[in-house]
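The primary structure of each chain is shown beneath.
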Amino acid sequence: MMSKPIPSAERVRALFNYNAESGLLSWRHPRNGRSSKAGWNDGRGYLKVNIDGFIYYGHHVIWLWMTGKWPLMIDHKDMDKANYRWSNLRECTKTLNQGNLVRRPKNSSGYKGIGWDAERSKWRVQIGFAGARYMKRTRTLAGAIALHRLKSSEFFGEFARNA
């Protein structure tokens, strides 16, 4: 199977305008009566655009437009998939992007990475990082929260999200 070609920065800049303040990606030359706003929502909240018959994520195209290089992965700092302002986008690895995830809906403690270990009657802190898992138990929820914040910051740096 042939991989999808990466468009050049020149091609992307020839096709699109990008407003870094508003985050709007628009067609430089709209045709056939279409809107100047480029792309469509893919149903999961991400912008997708068609370039020469291939479909790309809008945030990857924007990164290429701004930097001249294709990114590995892009993180939306505020987790709003529709916020394409330049100040909200940052290149990352898959591991670092995992640090910016929110807590799961079925989380029992209300805090990301913290759950009650009924067998030991302690709070369990778990953080996955780069294929490894950090796990430690504490007696208090406050201690677990503090430990999770400390270790998340240590592992994920600016990508750490503790909510």
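Refer to the structure printed above.
Just so it is clear, the model here is predicted, and its values are computed rather than measured.

Parameters at a glance
- Residues numbered from 1 in each chain as written.
- Predicted model: local features only at pLDDT ≥ 70, side-chain atom pairs only at ≥ 80, totals over all residues.
- Heavy atoms only, no water.
- Pairing = 2+ DSSP bridges.
- Helix = DSSP H or I, 4+ residues; strand = E, 2+ residues; numbered from the N terminus.
- Contact = heavy atoms within 4.5 Å.
- Axes fitted to C-alpha atoms, helices over the stretch in contact; angles between N-to-C directions.

1. Considerations on the sheet that holds strand β4 (residues 47-51)
- What the three strands build is an open sheet, ordered β3-β4-β5; its pairing is antiparallel. Both outer strands of the open sheet, β3 (40-41) and β5 (54-57), are each paired with one neighbouring strand and no more.
- Bridge count for β3 against β4 is two bridges, and the pairing is antiparallel. The residue of β4 that forms the bridge with Trp40 is Lys48.
- Along the sheet, helix α2 (residues 58-67) contacts β4 and β5; its crossing angle with β5, the most-contacted strand, is approximately 80°.

2. A word on the pairing of strand β2 (residues 24-27)
- Here four bridges tie strand β1 (residues 16-19) to β2, and the two strands are oriented antiparallel to one another. If you follow Asn17 over to β2, its bridge partner there is Ser26.

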